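# Per-entry structural report
Residues per chain are reported as follows:
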Amino acid sequence: MAIISFLLKRILFKEHLQMKLLLLLIPVVIFAQSFMISKIPLPKTYIENLDPYECDDVCLQEYLDKGMIFSFLAHANHKLSNKELDDIRKMNVSIFNLGTFNSNGGLNIAMLLPYKKIGKYASSTTNAAFSYLLTKSDSFKLKSYKIESENIGDIQAAFNKIKADGFEYVIAPFTKKGVENVIALDPNISVYFPTINKNDVNSTSPYLYFGGINYKKQSKLLLKEAVSPLVIFSDNSSTGKELARYQKEEFLHPTIDINETMSYEDEISVYDMQENADEVVPTDDENLSEEKRVISYTISRRTTNLERYLKDNEDIVDGSFFINTPVIKTGMIMSQLTLYDTNKTNILSTQINYDPLILSMTQYIDRKDMIIANSITEANNVLIEANSLLHNDIVYDWINYSTTIGIDYFYQAITGAQREYKIPMEDNQIQYNIELIRPGLSKFSKL
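Anyway, here's the lowdown on the structure attached to this text. Going along each chain's sequence as written, the residues are numbered from 1 onward. At least 70 in pLDDT is required for a residue's local features to be given in this predicted model, at least 80 for side-chain atom pairs to be given and counted, and no such filter applies to totals for whole chains, interfaces and linings, which use all residues. Side-chain numbers come from the whole structure's heavy atoms, not from hydrogens or water.

With that settled, the discussion passes to the packing of aromatic side chains. Put simply, two rings from Phe, Tyr or Trp (the six-membered ring, in Trp's case) pair if the centres are within 6.5 Å, and we call them stacked under 30 degrees between planes, edge-to-face over 60, tilted for the rest. Applying the stated criterion to the full structure yields 19 aromatic pairs. Arranged with centres 6.1 Å apart and planes meeting at 65 degrees, the rings of Phe-130 and Phe-140 form a pair that is edge-to-face. Here the residue Phe-130 occupies a position in helix 6 (residues 121-134), and Phe-140 occupies one in the loop between helix 6 and strand 2 (141-146), the gap between them amounting to 10 residues. Exposed residues in this analysis have more than 50% of their type's maximum accessible area, buried residues have under 20%, and partly exposed residues fall in between, with area computed by a 1.4 Å probe over protein chains only. Judged by relative accessible area, which is 23%, Phe-130 ranks as partly exposed. Centroid distance Phe-233 to Phe-321: 6.2 Å. Interplanar angle 20 degrees. Geometry classified as stacked. Here Phe-233, found in strand 6 (residues 230-234), pairs with Phe-321, found in strand 9 (residues 320-324); they are 88 residues apart in sequence, far enough to count as distant. Judged by its relative accessible area of 2%, Phe-233 falls in the buried class. Among the aromatic residues, ring-to-ring pairing joins Tyr-169, Tyr-192, Tyr-209, Tyr-409 and Phe-410 into one connected group. Seen from the ring of Phe-251, Lys-292 lies directly overhead, with NZ or CZ sitting 4.9 Å from the centre. What counts as a helix is a DSSP run of H or I of at least four residues, what counts as a strand is a run of E of at least two, and both are numbered from the N terminus. Two limits define a charge over a ring: the Lys NZ or Arg CZ must be within 6 Å of the ring centre, and within 35 degrees of the ring normal.

Dropping the structure here:
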(Lines give C-alpha, C1' and ligand atoms only; values in the text may rest on other atoms or scores of the structure.)
Protein backbone atom coordinates (compact mmCIF):
# COMPACT_ATOMS: atom_id res chain seq x y z
CA MET A 1 0.00 0.00 0.00
CA ALA A 2 2.86 2.34 0.80
CA ILE A 3 4.35 1.66 -2.60
CA ILE A 4 1.02 2.29 -4.36
CA SER A 5 0.55 5.50 -2.39
CA PHE A 6 4.06 6.61 -3.35
CA LEU A 7 3.43 5.89 -7.05
CA LEU A 8 0.12 7.77 -7.00
CA LYS A 9 1.85 10.79 -5.49
CA ARG A 10 4.54 10.64 -8.20
CA ILE A 11 1.88 10.49 -10.94
CA LEU A 12 -0.09 13.38 -9.45
CA PHE A 13 3.07 15.44 -9.03
CA LYS A 14 4.06 14.77 -12.64
CA GLU A 15 0.63 15.79 -13.92
CA HIS A 16 0.74 18.92 -11.76
CA LEU A 17 4.18 19.81 -13.15
CA GLN A 18 3.02 19.25 -16.74
CA MET A 19 0.00 21.49 -16.14
CA LYS A 20 2.23 24.27 -14.75
CA LEU A 21 4.55 23.99 -17.75
CA LEU A 22 1.56 24.14 -20.09
CA LEU A 23 0.28 27.28 -18.37
CA LEU A 24 3.71 28.86 -18.61
CA LEU A 25 3.92 28.07 -22.31
CA ILE A 26 0.50 29.54 -23.17
CA PRO A 27 1.72 33.19 -23.18
CA VAL A 28 4.70 32.18 -25.31
CA VAL A 29 2.42 30.58 -27.86
CA ILE A 30 0.02 33.52 -27.81
CA PHE A 31 2.67 36.20 -28.26
CA ALA A 32 5.03 34.29 -30.55
CA GLN A 33 5.62 35.84 -33.94
CA SER A 34 5.99 33.81 -37.09
CA PHE A 35 8.12 35.07 -39.94
CA MET A 36 6.90 32.41 -42.35
CA ILE A 37 4.26 33.54 -44.84
CA SER A 38 1.35 31.16 -44.86
CA LYS A 39 0.36 29.69 -48.23
CA ILE A 40 -3.26 29.51 -47.08
CA PRO A 41 -5.16 32.40 -48.74
CA LEU A 42 -7.10 34.81 -46.56
CA PRO A 43 -10.82 33.96 -46.43
CA LYS A 44 -13.11 36.24 -48.41
CA THR A 45 -16.23 37.79 -46.90
CA TYR A 46 -19.36 37.97 -49.05
CA ILE A 47 -22.39 40.12 -48.26
CA GLU A 48 -25.62 39.26 -50.08
CA ASN A 49 -28.11 42.05 -50.66
CA LEU A 50 -31.61 40.79 -49.78
CA ASP A 51 -33.23 44.23 -49.88
CA PRO A 52 -35.52 44.52 -52.97
CA TYR A 53 -35.46 48.33 -52.86
CA GLU A 54 -32.90 50.72 -54.38
CA CYS A 55 -30.70 52.74 -52.01
CA ASP A 56 -29.41 56.18 -53.03
CA ASP A 57 -26.71 58.31 -51.37
CA VAL A 58 -29.12 59.57 -48.70
CA CYS A 59 -30.15 56.01 -47.88
CA LEU A 60 -26.53 54.87 -47.71
CA GLN A 61 -25.63 57.74 -45.39
CA GLU A 62 -28.55 56.80 -43.10
CA TYR A 63 -27.20 53.27 -42.81
CA LEU A 64 -23.80 54.70 -41.80
CA ASP A 65 -25.36 57.10 -39.30
CA LYS A 66 -27.18 54.19 -37.67
CA GLY A 67 -24.03 52.04 -37.58
CA MET A 68 -25.54 49.54 -40.01
CA ILE A 69 -22.28 48.99 -41.85
CA PHE A 70 -23.20 45.66 -43.45
CA SER A 71 -26.49 47.03 -44.80
CA PHE A 72 -24.42 49.86 -46.26
CA LEU A 73 -21.94 47.43 -47.83
CA ALA A 74 -24.73 45.21 -49.18
CA HIS A 75 -25.97 48.13 -51.28
CA ALA A 76 -22.53 49.66 -51.96
CA ASN A 77 -21.31 46.69 -53.98
CA HIS A 78 -19.86 48.85 -56.76
CA LYS A 79 -18.05 52.17 -57.19
CA LEU A 80 -20.12 55.07 -55.82
CA SER A 81 -20.40 58.51 -57.42
CA ASN A 82 -20.19 60.18 -53.99
CA LYS A 83 -16.44 60.26 -53.24
CA GLU A 84 -16.82 60.35 -49.43
CA LEU A 85 -19.17 57.35 -49.46
CA ASP A 86 -16.95 55.53 -51.95
CA ASP A 87 -13.89 56.08 -49.73
CA ILE A 88 -15.80 54.52 -46.82
CA ARG A 89 -16.83 51.64 -49.08
CA LYS A 90 -13.26 50.96 -50.21
CA MET A 91 -11.86 51.15 -46.70
CA ASN A 92 -14.37 48.59 -45.43
CA VAL A 93 -13.73 46.37 -48.45
CA SER A 94 -10.12 46.33 -47.29
CA ILE A 95 -10.88 45.79 -43.60
CA PHE A 96 -13.38 42.94 -44.13
CA ASN A 97 -11.56 41.50 -47.18
CA LEU A 98 -14.80 41.51 -49.14
CA GLY A 99 -15.19 39.40 -52.25
CA THR A 100 -17.44 39.89 -55.21
CA PHE A 101 -19.93 37.44 -56.70
CA ASN A 102 -19.03 38.59 -60.21
CA SER A 103 -15.23 38.42 -60.23
CA ASN A 104 -13.66 37.45 -63.54
CA GLY A 105 -10.83 35.69 -61.67
CA GLY A 106 -8.14 37.19 -63.90
CA LEU A 107 -6.54 39.67 -61.49
CA ASN A 108 -3.17 37.95 -61.17
CA ILE A 109 -0.01 39.99 -60.52
CA ALA A 110 3.52 38.78 -59.80
CA MET A 111 6.22 40.52 -57.76
CA LEU A 112 9.77 39.84 -59.02
CA LEU A 113 12.13 40.66 -56.15
CA PRO A 114 15.96 40.68 -56.22
CA TYR A 115 15.88 40.79 -52.43
CA LYS A 116 19.65 41.01 -51.90
CA LYS A 117 19.82 44.14 -54.05
CA ILE A 118 16.75 46.01 -52.82
CA GLY A 119 16.74 45.10 -49.12
CA LYS A 120 13.68 46.41 -47.28
CA TYR A 121 11.88 47.17 -50.54
CA ALA A 122 11.37 43.46 -51.14
CA SER A 123 8.70 43.59 -48.43
CA SER A 124 7.53 47.21 -48.65
CA THR A 125 6.78 47.16 -52.38
CA THR A 126 4.90 43.88 -51.90
CA ASN A 127 2.91 45.50 -49.09
CA ALA A 128 2.12 48.47 -51.33
CA ALA A 129 0.75 46.17 -54.04
CA PHE A 130 -1.14 44.04 -51.52
CA SER A 131 -2.68 47.09 -49.82
CA TYR A 132 -3.94 48.39 -53.17
CA LEU A 133 -5.57 45.09 -54.11
CA LEU A 134 -7.18 44.78 -50.68
CA THR A 135 -9.17 47.95 -51.36
CA LYS A 136 -10.77 46.29 -54.38
CA SER A 137 -13.64 43.85 -54.20
CA ASP A 138 -12.20 41.66 -56.96
CA SER A 139 -10.63 38.32 -56.18
CA PHE A 140 -6.91 38.50 -56.86
CA LYS A 141 -3.69 36.55 -56.73
CA LEU A 142 -0.46 38.32 -55.77
CA LYS A 143 2.60 36.08 -55.78
CA SER A 144 6.22 36.93 -54.96
CA TYR A 145 9.15 35.45 -56.85
CA LYS A 146 12.51 36.01 -55.15
CA ILE A 147 15.74 35.84 -57.11
CA GLU A 148 19.30 35.72 -55.79
CA SER A 149 20.69 38.26 -58.24
CA GLU A 150 19.82 40.38 -61.25
CA ASN A 151 21.92 38.40 -63.72
CA ILE A 152 20.31 37.23 -66.94
CA GLY A 153 20.17 33.58 -65.91
CA ASP A 154 18.25 34.23 -62.68
CA ILE A 155 15.87 36.66 -64.38
CA GLN A 156 15.18 34.30 -67.30
CA ALA A 157 14.45 31.40 -64.93
CA ALA A 158 12.07 33.61 -62.94
CA PHE A 159 10.21 34.74 -66.07
CA ASN A 160 9.83 31.12 -67.19
CA LYS A 161 8.29 30.24 -63.82
CA ILE A 162 6.04 33.32 -63.83
CA LYS A 163 4.70 32.50 -67.30
CA ALA A 164 4.22 28.84 -66.40
CA ASP A 165 2.14 29.93 -63.39
CA GLY A 166 -0.13 31.97 -65.65
CA PHE A 167 0.93 35.53 -64.71
CA GLU A 168 1.04 38.22 -67.39
CA TYR A 169 1.72 41.31 -65.24
CA VAL A 170 4.85 41.78 -63.14
CA ILE A 171 6.03 44.47 -60.68
CA ALA A 172 9.86 44.44 -60.57
CA PRO A 173 11.71 46.89 -58.26
CA PHE A 174 15.07 46.43 -60.03
CA THR A 175 18.26 48.47 -60.18
CA LYS A 176 19.44 49.89 -63.49
CA LYS A 177 21.64 46.86 -64.20
CA GLY A 178 18.72 44.50 -63.65
CA VAL A 179 16.47 46.51 -65.96
CA GLU A 180 19.12 46.46 -68.68
CA ASN A 181 19.24 42.67 -68.41
CA VAL A 182 15.44 42.47 -68.71
CA ILE A 183 15.63 44.67 -71.82
CA ALA A 184 18.22 42.29 -73.29
CA LEU A 185 15.91 39.33 -72.64
CA ASP A 186 12.97 41.19 -74.26
CA PRO A 187 10.23 39.24 -72.43
CA ASN A 188 6.78 39.01 -73.98
CA ILE A 189 5.15 39.93 -70.66
CA SER A 190 4.12 43.26 -69.08
CA VAL A 191 6.72 44.41 -66.52
CA TYR A 192 6.62 47.62 -64.45
CA PHE A 193 9.80 49.01 -62.87
CA PRO A 194 8.94 51.40 -60.01
CA THR A 195 12.60 52.31 -59.42
CA ILE A 196 13.88 53.38 -62.85
CA ASN A 197 13.04 56.19 -65.25
CA LYS A 198 12.79 55.08 -68.87
CA ASN A 199 15.34 57.64 -70.04
CA ASP A 200 17.99 56.00 -67.84
CA VAL A 201 17.95 53.00 -70.17
CA ASN A 202 17.44 52.22 -73.84
CA SER A 203 14.08 50.49 -74.20
CA THR A 204 11.64 50.37 -77.10
CA SER A 205 9.64 47.40 -75.81
CA PRO A 206 5.87 47.98 -75.56
CA TYR A 207 5.79 45.51 -72.65
CA LEU A 208 8.15 47.38 -70.29
CA TYR A 209 6.83 50.24 -68.13
CA PHE A 210 8.76 52.65 -65.92
CA GLY A 211 7.85 54.59 -62.77
CA GLY A 212 11.12 56.18 -61.66
CA ILE A 213 11.04 59.85 -60.68
CA ASN A 214 12.77 62.38 -62.95
CA TYR A 215 15.57 63.78 -60.79
CA LYS A 216 17.12 65.90 -63.51
CA LYS A 217 13.81 67.58 -64.17
CA GLN A 218 13.52 68.27 -60.45
CA SER A 219 17.06 69.69 -60.43
CA LYS A 220 16.30 71.97 -63.36
CA LEU A 221 13.28 73.40 -61.57
CA LEU A 222 15.23 73.90 -58.33
CA LEU A 223 18.09 75.65 -60.12
CA LYS A 224 15.71 78.47 -61.00
CA GLU A 225 15.88 79.33 -57.29
CA ALA A 226 19.70 79.18 -57.18
CA VAL A 227 22.17 82.08 -56.99
CA SER A 228 25.92 82.16 -57.47
CA PRO A 229 28.01 80.63 -56.10
CA LEU A 230 26.28 77.26 -56.41
CA VAL A 231 27.82 74.92 -53.83
CA ILE A 232 27.06 71.24 -54.51
CA PHE A 233 27.38 68.50 -51.91
CA SER A 234 27.20 64.92 -53.18
CA ASP A 235 28.11 61.46 -51.95
CA ASN A 236 30.40 58.97 -53.68
CA SER A 237 27.62 57.02 -55.39
CA SER A 238 27.54 57.10 -59.19
CA THR A 239 24.08 58.65 -58.99
CA GLY A 240 25.20 61.47 -56.70
CA LYS A 241 28.16 62.25 -58.93
CA GLU A 242 26.03 62.24 -62.08
CA LEU A 243 23.51 64.59 -60.49
CA ALA A 244 26.32 66.94 -59.43
CA ARG A 245 27.68 67.03 -62.99
CA TYR A 246 24.25 67.74 -64.41
CA GLN A 247 23.49 70.49 -61.88
CA LYS A 248 26.82 72.22 -62.52
CA GLU A 249 26.34 72.20 -66.29
CA GLU A 250 22.69 73.25 -66.10
CA PHE A 251 23.48 76.13 -63.73
CA LEU A 252 26.32 77.47 -65.88
CA HIS A 253 24.67 76.80 -69.25
CA PRO A 254 20.88 76.49 -68.81
CA THR A 255 19.01 74.45 -71.40
CA ILE A 256 15.50 75.14 -72.65
CA ASP A 257 14.34 71.51 -72.63
CA ILE A 258 15.49 68.35 -70.95
CA ASN A 259 15.83 65.34 -73.23
CA GLU A 260 17.32 63.00 -70.69
CA THR A 261 16.34 62.13 -67.15
CA MET A 262 17.70 60.15 -64.29
CA SER A 263 16.24 58.60 -61.19
CA TYR A 264 17.71 57.19 -58.03
CA GLU A 265 17.70 53.48 -58.85
CA ASP A 266 16.62 52.70 -55.30
CA GLU A 267 17.39 53.81 -51.78
CA ILE A 268 20.17 51.22 -51.57
CA SER A 269 22.23 52.87 -54.33
CA VAL A 270 22.38 56.08 -52.35
CA TYR A 271 24.41 54.31 -49.69
CA ASP A 272 26.68 52.55 -52.18
CA MET A 273 29.71 54.67 -51.29
CA GLN A 274 33.44 54.06 -51.46
CA GLU A 275 34.86 53.24 -48.05
CA ASN A 276 38.35 54.45 -48.94
CA ALA A 277 37.35 57.70 -50.64
CA ASP A 278 38.86 61.02 -49.66
CA GLU A 279 36.85 62.95 -47.10
CA VAL A 280 36.07 65.91 -49.37
CA VAL A 281 37.17 66.57 -52.93
CA PRO A 282 36.51 70.21 -53.92
CA THR A 283 36.50 71.43 -57.50
CA ASP A 284 36.14 75.11 -58.31
CA ASP A 285 34.66 75.83 -61.74
CA GLU A 286 34.49 79.60 -61.47
CA ASN A 287 36.39 80.05 -64.75
CA LEU A 288 33.59 78.34 -66.69
CA SER A 289 31.45 81.45 -66.41
CA GLU A 290 32.24 85.07 -65.69
CA GLU A 291 28.92 85.62 -63.93
CA LYS A 292 28.35 82.28 -62.21
CA ARG A 293 30.52 80.05 -60.07
CA VAL A 294 30.10 76.40 -59.07
CA ILE A 295 31.97 74.68 -56.24
CA SER A 296 31.49 70.93 -55.79
CA TYR A 297 32.25 68.84 -52.72
CA THR A 298 32.20 65.05 -52.79
CA ILE A 299 31.69 63.67 -49.29
CA SER A 300 32.61 60.15 -48.27
CA ARG A 301 30.51 57.98 -45.99
CA ARG A 302 32.75 58.55 -43.00
CA THR A 303 32.90 62.33 -43.17
CA THR A 304 31.38 63.94 -40.08
CA ASN A 305 33.19 67.28 -39.81
CA LEU A 306 33.21 69.94 -42.52
CA GLU A 307 34.95 72.66 -40.50
CA ARG A 308 37.96 73.18 -42.76
CA TYR A 309 35.69 73.54 -45.80
CA LEU A 310 33.00 75.75 -44.29
CA LYS A 311 34.55 77.83 -41.54
CA ASP A 312 35.62 81.30 -42.73
CA ASN A 313 35.33 80.22 -46.38
CA GLU A 314 34.65 83.46 -48.26
CA ASP A 315 34.15 81.60 -51.56
CA ILE A 316 30.82 80.12 -50.48
CA VAL A 317 29.28 83.04 -48.61
CA ASP A 318 25.68 83.89 -49.66
CA GLY A 319 25.62 80.95 -52.05
CA SER A 320 22.94 78.38 -52.87
CA PHE A 321 23.70 74.92 -51.53
CA PHE A 322 22.50 71.94 -53.57
CA ILE A 323 22.58 68.75 -51.46
CA ASN A 324 22.51 65.32 -53.14
CA THR A 325 23.00 63.11 -50.09
CA PRO A 326 20.74 60.79 -48.05
CA VAL A 327 18.68 62.39 -45.30
CA ILE A 328 21.03 61.52 -42.40
CA LYS A 329 24.05 63.02 -44.15
CA THR A 330 21.94 65.98 -45.28
CA GLY A 331 20.96 66.72 -41.69
CA MET A 332 24.64 66.73 -40.70
CA ILE A 333 25.55 69.11 -43.54
CA MET A 334 22.71 71.51 -42.78
CA SER A 335 23.54 71.72 -39.09
CA GLN A 336 27.15 72.56 -39.90
CA LEU A 337 26.15 75.22 -42.40
CA THR A 338 24.46 76.93 -39.44
CA LEU A 339 27.30 76.15 -37.04
CA TYR A 340 29.94 77.76 -39.25
CA ASP A 341 27.73 80.73 -40.16
CA THR A 342 27.90 80.34 -43.94
CA ASN A 343 25.18 82.96 -44.59
CA LYS A 344 23.53 80.69 -47.13
CA THR A 345 20.92 82.11 -49.50
CA ASN A 346 19.02 78.81 -49.67
CA ILE A 347 19.40 75.03 -49.59
CA LEU A 348 18.10 72.98 -52.52
CA SER A 349 17.38 69.26 -52.67
CA THR A 350 15.54 66.71 -54.79
CA GLN A 351 13.13 63.94 -53.76
CA ILE A 352 15.76 62.09 -51.72
CA ASN A 353 15.28 64.51 -48.82
CA TYR A 354 11.49 64.66 -48.87
CA ASP A 355 11.48 62.82 -45.57
CA PRO A 356 9.92 63.69 -42.18
CA LEU A 357 13.30 62.91 -40.61
CA ILE A 358 14.42 66.33 -41.87
CA LEU A 359 11.87 67.89 -39.50
CA SER A 360 13.09 65.97 -36.46
CA MET A 361 16.83 65.85 -37.17
CA THR A 362 17.40 69.54 -37.82
CA GLN A 363 16.55 72.77 -36.05
CA TYR A 364 14.18 75.16 -37.79
CA ILE A 365 17.04 77.66 -38.24
CA ASP A 366 18.91 74.96 -40.20
CA ARG A 367 16.07 74.30 -42.63
CA LYS A 368 14.11 77.57 -42.85
CA ASP A 369 15.70 78.42 -46.22
CA MET A 370 15.43 74.91 -47.65
CA ILE A 371 13.49 74.11 -50.84
CA ILE A 372 12.72 70.51 -51.82
CA ALA A 373 11.36 69.22 -55.14
CA ASN A 374 8.61 66.66 -54.63
CA SER A 375 6.77 64.42 -57.10
CA ILE A 376 4.49 62.63 -54.62
CA THR A 377 1.68 65.03 -55.38
CA GLU A 378 -1.47 62.87 -55.40
CA ALA A 379 -2.81 61.57 -52.09
CA ASN A 380 -5.38 58.79 -51.84
CA ASN A 381 -6.59 58.58 -48.25
CA VAL A 382 -8.00 55.08 -48.60
CA LEU A 383 -4.73 53.68 -49.94
CA ILE A 384 -2.71 55.60 -47.36
CA GLU A 385 -4.78 54.07 -44.54
CA ALA A 386 -4.69 50.60 -46.11
CA ASN A 387 -0.88 50.80 -46.25
CA SER A 388 -0.68 52.07 -42.68
CA LEU A 389 -2.45 48.89 -41.53
CA LEU A 390 0.66 47.05 -42.77
CA HIS A 391 3.01 49.73 -41.39
CA ASN A 392 3.82 50.78 -44.95
CA ASP A 393 4.51 54.32 -46.19
CA ILE A 394 3.31 55.74 -49.53
CA VAL A 395 3.21 59.35 -48.31
CA TYR A 396 6.98 60.00 -48.27
CA ASP A 397 8.55 56.85 -49.72
CA TRP A 398 8.58 57.40 -53.47
CA ILE A 399 9.39 53.79 -54.42
CA ASN A 400 6.34 52.50 -52.54
CA TYR A 401 4.33 55.36 -54.06
CA SER A 402 5.59 54.48 -57.54
CA THR A 403 4.71 50.82 -56.95
CA THR A 404 1.16 51.86 -56.05
CA ILE A 405 0.93 53.93 -59.26
CA GLY A 406 2.11 50.93 -61.27
CA ILE A 407 -0.33 48.41 -59.85
CA ASP A 408 -3.10 50.97 -60.31
CA TYR A 409 -2.16 51.15 -64.00
CA PHE A 410 -2.14 47.35 -64.30
CA TYR A 411 -5.47 47.11 -62.46
CA GLN A 412 -7.09 49.30 -65.10
CA ALA A 413 -5.45 47.29 -67.89
CA ILE A 414 -6.84 44.04 -66.46
CA THR A 415 -10.31 45.11 -65.32
CA GLY A 416 -11.04 48.22 -67.37
CA ALA A 417 -11.92 50.09 -64.16
CA GLN A 418 -11.12 53.75 -63.66
CA ARG A 419 -7.67 54.47 -62.24
CA GLU A 420 -7.31 55.85 -58.71
CA TYR A 421 -4.47 58.15 -59.79
CA LYS A 422 -4.65 60.69 -62.60
CA ILE A 423 -0.89 60.65 -63.28
CA PRO A 424 -0.50 59.88 -67.01
CA MET A 425 1.57 57.13 -68.59
CA GLU A 426 3.27 58.47 -71.73
CA ASP A 427 5.56 56.38 -73.89
CA ASN A 428 5.57 53.72 -71.13
CA GLN A 429 6.83 56.19 -68.49
CA ILE A 430 4.81 57.66 -65.60
CA GLN A 431 4.86 61.45 -65.97
CA TYR A 432 4.95 62.95 -62.48
CA ASN A 433 4.17 66.53 -61.62
CA ILE A 434 6.73 68.44 -59.55
CA GLU A 435 6.01 70.86 -56.73
CA LEU A 436 8.46 72.89 -54.65
CA ILE A 437 7.97 72.68 -50.90
CA ARG A 438 9.56 73.94 -47.68
CA PRO A 439 10.11 72.01 -44.45
CA GLY A 440 8.48 74.26 -41.86
CA LEU A 441 8.26 74.14 -38.08
CA SER A 442 6.39 70.85 -37.98
CA LYS A 443 5.35 69.96 -41.52
CA PHE A 444 6.05 70.45 -45.20
CA SER A 445 4.23 73.23 -47.04
CA LYS A 446 4.07 74.25 -50.67
CA LEU A 447 6.35 77.06 -51.75
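More follows now that the structure is in view.
Here strand 10 (residues 346-349) shows no split at all, with Asn-346 and Leu-348 on one side and Ile-347 and Ser-349 on the other all buried. Relative to strand 10, strand 9 runs parallel, the two being bridged by three bridges. When the bridges of strand 10 are listed, Ser-320 appears paired with Asn-346. Orienting the strands away from the viewer, one traces the path from the first strand over the helix to the second; a clockwise path indicates a right-handed crossover. In this fold, the crossover linking strand 9 to strand 10 by way of helix 13 (residues 327-339) has right-handed handedness. Paired strands, as defined in this entry, are two strands with at least two bridges between them according to DSSP.

Read these as geometric descriptors, not functional statements.
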